Amino acid sequence: DTGVSQNPRHKITKRGQNVTFRCDPISEHNRLYWYRQTLGQGPEFLTYFQNEAQLEKSRLLSDRFSAERPKGSFSTLEIQRTEQGDSAMYLCASSRGMSGYNEQFFGPGTRLTVL
Amino acid sequence: RKEVEQDPGPFNVPEGATVAFNCTYSNSASQSFFWYRQDCRKEPKLLMSVYSSGNEDGRFTAQLNRASQYISLLIRDSKLSDSATYLCVVTPPGYSTLTFGKGTMLLVSP
């Protein structure tokens, strides 16, 4: 399968714990995006990378959230001291090229439940 | 005012019907426009880009009215497999990210 993959697919954690998600983009794609989606809402942008550089972060990305893409390939999203409001689907997408107009391909998402 | 607004629906239509969805966006300088489709518990997938001249892909027609800041999607001869949530998506000026509406749910029944 050459699509975007995300792991784990589901994560249940207790409030206050740290969690880390991984995204593997399509291999030739240099851009990688993180979005968050809650029930009844469209995806909301969190952050994106061009190769290993993090170029933009949403105001939704509080200081408890950190994302990395150390070698310009896979990316991780870490949430520290999770809160119940962090419960959501975390979607990763990737695209090729330098333009934001190129199609973004989404992974299946990681569903986070904070108890 | 939200950046991208859509009627959440659901729109319940019989097979074979024609259905239209509308979307408005707040930033007049927005540059790119798309419709994405999202099946239940699945990831969004690009359905079609939307151009000022309008564009058609089989049973699907998308139109953009920049003056009114309005985007539409028309689905003709609805199929059961068209049942999904349709997300209106805009790229703000100077940004490379996507701004999604809440989506419009379509249910096509036999």
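The text that follows walks through the structure, step by step, so that each part is easy to find. No experiment lies behind these values; they were computed from the predicted model shown.

Criteria and cut-off values
- Residues numbered from 1 in each chain as written.
- Chains lettered and ligands numbered in written order.
- Predicted model: local features only at pLDDT ≥ 70, side-chain atom pairs only at ≥ 80, totals over all residues.
- Heavy atoms only, no water.
- Pairing = 2+ DSSP bridges.
- Helix = DSSP H or I, 4+ residues; strand = E, 2+ residues; numbered from the N terminus.
- Axes fitted to C-alpha atoms, helices over the stretch in contact; angles between N-to-C directions.
- Core = buried A, V, L, I, M, F, W, Y, C linked by side-chain atoms within 4.5 Å.
- Buried < 20%, exposed > 50% of the residue type's maximum accessible area, 1.4 Å probe, protein only.
- Contact = heavy atoms within 4.5 Å.
- Salt bridge = Lys/Arg side-chain N within 4 Å of Asp/Glu carboxyl O.

1. Thoughts on the sheet that holds strand β1 (residues 4-6) of chain B
All names here are of chain B.
Inference 1: Strands sit in the order β1-β3-β8-β7-β6 across an open sheet of five strands; the sheet is antiparallel. The open sheet terminates on both sides in strands that have one partner only, identified here as β1 and β6 (55-57). Averaged over all neighbouring strand pairs, the angle between strand axes comes to 20°, with direction disregarded.
Inference 2: Judged from the three bridges that link them, β1 and strand β3 (residues 19-25) form a sheet pairing that is antiparallel. When the bridges of β3 are listed, E5 appears paired with T24.

2. Let's talk about the nonpolar core
Inference 1: B:F21, B:W35, B:I71, B:L73, B:I75, B:Y86 and B:L106 are the most contacted members of the largest nonpolar core, which totals 23 residues.
Inference 2: Secondary-structure elements contributing two or more residues to this core are β3, β4 (32-38), β5 (44-50), β7 (60-65), β8 (70-75), β9 (84-91) and β11 (104-109) of chain B.
Inference 3: If we ignore the near neighbours within four places in the chain, the residues touching B:I75 are B:A17, B:T18, B:V19, B:F21, B:R59, B:F60, B:D82, B:Y86 and B:L106.
Inference 4: Of all hydrophobic cores here, the second largest spans 19 residues; its members include A:V4, A:A88, A:Y90 and A:C92.

3. Focus on the pattern of salt bridges
Inference 1: A complete count under the given rule lists eight salt bridges over all chains for this structure.
Inference 2: A salt bridge links B:R76 to B:E56, with the nearest nitrogen and oxygen atoms 3.5 Å apart. With B:R76 in the loop between β8 and β9 and B:E56 in strand β6, the pair connects residues that are 20 residues apart, well separated along the chain.
Inference 3: Owing to a relative accessible area of 59%, B:E56 belongs among the exposed residues under this scheme.
Inference 4: Measuring nitrogen to oxygen at the nearest pair gives 2.9 Å for the salt bridge that ties B:K79 to B:D77.
Inference 5: Residue B:K79 is classed as partly exposed on the basis of its relative accessible area of 33%.
Inference 6: B:D77 sits in the partly exposed class, given a relative accessible area of 35%.
Inference 7: The structure contains a network of salt bridges with shared partners spanning A:R64, A:E83 and A:D86.

4. Some points on the environment of A:K71
Residue and element names in this part refer to chain A.
Inference 1: In this structure, K71 sits in the loop between β7 (65-68) and β8 (75-79).
Inference 2: Among the residues examined, K71 registers a relative accessible area of 73% and is labelled exposed.
Inference 3: It is 5.8 Å that separates the C-alpha atoms of K71 and E52, two residues lying 19 residues apart in sequence.

5. What to know about the sheet that holds β8(A)
All names here are of chain A.
Inference 1: Ordered in space as β1-β3-β8-β7, the four strands form an open sheet in which the pairing is antiparallel. A single partner strand is all that each edge strand has here, and the edge strands are β1 (5-7) and β7. Here the average twist between neighbouring strands, direction ignored, is 15°.
Inference 2: Summarising the sheet, β7 and β8 pair through four bridges and their orientation is antiparallel. Residue pairing for β8: F65 is matched across the bridge by I79.

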